[in-house]
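# Analysis of the macromolecular model
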Amino acid sequence: MKDFSHVLSPFSFGSLTVKNRIELAPTGYNMGLFSGEGTAEMVAYYENLAKGGAGIITIGETPIDFGFSDTGRPLVNLGSDQAIPYLFRVNEAVSKYGAKLSIEIQHGGRSIRTRSKNIAPSAVYDQNEIAAAQAEHRPRRTLVEMDQRMIDDVIESFANAFLRCKKAGLEMAMLHGAHGHLVAQFLSPYSNKRTDIYGGCLENRARFAIECLDAIRSKVGKDFGIEYRISADELVAGGMHPDETIEFVKMIEDKIDLLHVSAGMCSTEATTRYMIQPMYLPHCINVHFAERFKKELKVPIVTVGSIATMEEAEDIVAHGQADMVAMARAILADPQVVNNARKGRSEDTRPCLRCWKCNGYSGRMLPIRCAVNPKLGKELQIASMAKEATARKVAIVGGGPAGMQAALSAAERGCESVIFEQSLHLGGKLVLAAGVEYKQDMRRYLHWLVGQVTKNPAIETRTGVCATRGMVAELDPDAVVVATGSEPIIPHFPGEELNRVVWFGDVDSKVADVGEKVLLVGGGPSGAETALQLAREGRQVTLADMGTAAEALSRWIKCLDLELRQNNVVFLFEHMLERITSEGAALMNRSFERVLVEADTIVLSLGFAPNKASLQEFEGIAPDTYAIGDCRKIGDVLQATHDGFNIASML
């Protein structure tokens, strides 16, 4: 059993002691009201996360008021005393599990997207706003350079927000000085072009943050913990970099109790991936910043950035790279991650895919959801579900992610299930999705899901069996769940006899040979990810799709386009494959102009079609028959997982 003695040991900072060195990093949640009040859903959500064992539970970024700092999302408004009773309830729920509740307090400044007029240190527009204005054919939002009265008002609002947290019973809170929000905008020469006492040299640019911290401390006193979140490196030319950031922290480290070290800035798309890393980047990506800061500073250091397992967290603390470890998506995917490590059951911890689904929901002002944890954000609904199912035996046709999740969720409700899977192994499309080399998180999830199913005594698996109506009827099931997935769409094209065409699934699984020059037809997520893998292997890749660039981007995981461009993938949007040629392929654009692309191999990724016929085959065997996953509607892991869970809740 792995030794977690370092990361699970208590840790003291300021006047506080926490039970272990794991902090839930702040994430969007969208469970407040647009009026700025909290909800019962919010209380239940954070209580469930605290139940999992982390030492600190941090509520995601919360505005100091709903004036100029309004984020336009259903969050708690710290500019009003109405926030106090809701934070009290969350703190009460979290504290009973021995955790400390914190909250990330921020002001978006120039980066707010929901207002027509924003305040900022300087009227310097961020790159995201410039791009959005161009795409939406509108003027840029008005930026107002803050005068002294505005500066004083914002500082007072920060201090009052912290004071409201203390009145609610919290013992600590986090000042968000990272990621290009207002405090960071003052500090960074990239966004601060002022010529007064708040601009120019580092001492002047640091003045706003220092005045905020002094005002906060004067309100909350010495017994309240202040955590400061910073970007060690903003990762843009002309921004803050580690040397100068360390010099700044030396100015404030006697004013704070913890330093939360991140990287990047939200106002520039290219650096967002270092704030919230997609699956294309390695784990523990920002730890090297924390390690350097710990060596050069005296304030305790928290590290963050795709720390996906408790094993990784233990190694970080054991090797002295940081004092504490902040994990977000790993805890959202399985709130019991800390408890499982403590009890020697880490193999039962559900892995995170780093698929950005959670961020996608919160970014659209929706309550948070998770691709692999169908219970996240639904804590109140689940609490009201009946514990026992009426169905006692369930036949599940198909052992992909939807079928396996249905079996696991049905087992929780007291059902016994039999899974029929025609291939020799469970997994379905997950096996295909996990084939790309850099998708280590998907492989971990596939291994976990299959392991949970095969060791569950309430689930029988019959692999290598193509289920028939007779086989299923012989079980005399109370319900039949059809999860037979989908089939790839592989059209015929003139010239295919030249044997240059392969399917992307065969490429990902290394069944098909691929030449040095590749044309990949189909710009959906699967095709784009295959294109990235081939490009990383050194091949010359052209990615063609019938849709527009905007349509493709809407389907891709965040930052995939940047990864493709950095690996020299050439895009041909609004182009359709017409025929295969001896040199490569001929494509037609929307102006009916023919484009010839030189290629050794043409890789097709043109989607899937639902296997709907199987539903009719098994209809009527049991009182209830359900279709889930791709055979119901082509979707992704989130749809499959939630389909399986939802159907099980109806049994």
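Basis of the calculations
- Residues numbered from 1 in each chain as written.
- Predicted model: local features only at pLDDT ≥ 70, side-chain atom pairs only at ≥ 80, totals over all residues.
- Heavy atoms only, no water.
- Helix = DSSP H or I, 4+ residues; strand = E, 2+ residues; numbered from the N terminus.
- Expected span 1.5 Å × (residues − 1).
- Buried < 20%, exposed > 50% of the residue type's maximum accessible area, 1.4 Å probe, protein only.
- Pairing = 2+ DSSP bridges.
- Axes fitted to C-alpha atoms, helices over the stretch in contact; angles between N-to-C directions.
- Salt bridge = Lys/Arg side-chain N within 4 Å of Asp/Glu carboxyl O.
- Parallel < 35°, antiparallel > 145°, perpendicular 65-115°, else oblique.
- Left-handed = near helix turned anticlockwise from the far one by under 90°.
- Contact = heavy atoms within 4.5 Å.
- Nonpolar A, V, L, I, M, F, W, Y, C, P; charged D, E, K, R; others polar.
- Core = buried A, V, L, I, M, F, W, Y, C linked by side-chain atoms within 4.5 Å.
- Phe/Tyr/Trp six-rings, centres within 6.5 Å; stacked < 30°, edge-to-face > 60°.
- Lys NZ or Arg CZ within 6 Å of the ring centre and 35° of its normal.

### Section: helix H16 (residues 401-412)
End to end, H16 covers 17 Å across 12 residues, agreeing with the expected 16 Å (1.5 Å per residue, within 8%). Three or more residues of H16 are buried, namely Pro401, Ala402, Gly403, Met404, Gln405, Ala406, Ala407, Leu408, Ser409, Ala410 and Ala411. Downstream of H16 by one or two residues, Gly414 has phi in the positive range, about 95°.

### Some words on the sheet that holds strand S16 (residues 479-482)
With parallel pairing, the 5 strands of this open sheet are ordered in space as S15-S14-S13-S16-S27. Here the strands that pair on one side only, and so sit at the sheet edges, are strand S15 (459-463) and strand S27 (624-627). Each strand of the sheet is rotated relative to its neighbour by a mean of 15°, with strand direction disregarded. Strand direction decides the pairing type here: strand S13 (residues 393-397) and strand S14 (residues 416-421), joined by 5 bridges, are parallel. Its bridge partner being in S14, Ala395 is matched across the sheet by Val418.

### Remarks on the pattern of salt bridges
For the structure shown, the criterion picks out 33 salt bridges. Residue Arg345 pairs with Asp348 through a salt bridge whose shortest N-O separation is 3.3 Å. The exposure class assigned to Asp348 is buried, which follows from its relative accessible area of 14%. Notably, a salt bridge pairs Arg444 with Asp441, separated by 3.7 Å at the nearest N-O pair. Taken as a pair, Arg444 and Asp441 lie in helix H18 (residues 440-454) at a separation of 3 residues, close to a single helical turn. Owing to a relative accessible area of 27%, Arg444 belongs among the partly exposed residues under this scheme. Taken together, the salt bridges that share partners define one network made up of Asp243, Arg292 and Glu296.

### Quick notes on the packing of helix H1 (residues 40-51) against helix H2 (residues 83-95)
Running from N to C, H1 and H2 point in directions that differ by 25°, and their axes come no closer than 8 Å. Between H1 and H2, the angle falls in the class roughly parallel. H1 and H2 meet at a crossing whose hand is right-handed. Residue-level inspection shows Ala40, Met42, Val43, Tyr46, Glu47 and Ala50 of H1 in contact with H2, the latter providing Arg89, Val90, Ala93 and Val94. Residue composition of the contact of H1 with H2, grouped by class: 8 nonpolar, no polar and 2 charged.

### As for the nonpolar core
In terms of nonpolar packing, the biggest core is built from 168 residues, with Tyr46, Tyr228 and Leu259 touching the most fellow members. A per-element tally of this core places helix H4 (residues 148-167) first, with 9 residues. Once you skip the residues sitting within four places of it in the chain, Leu259 turns out to touch Tyr228, Ile230, Val249, Phe293, Leu297, Val299, Pro300, Ile301 and Val302.

### Some points on the packing of aromatic side chains
Tallying each qualifying case throughout the model produces 14 aromatic pairs. Between Tyr45 and Tyr46, the ring centres sit 4.8 Å apart and the planes meet at 75°, which makes this aromatic pair edge-to-face. By the ring-pair criterion, three or more aromatic residues cluster together here, those being Tyr29, Tyr45 and Tyr46. Sitting above the plane of the Tyr361 ring, Arg364 keeps its charged end 5.0 Å from the centroid.

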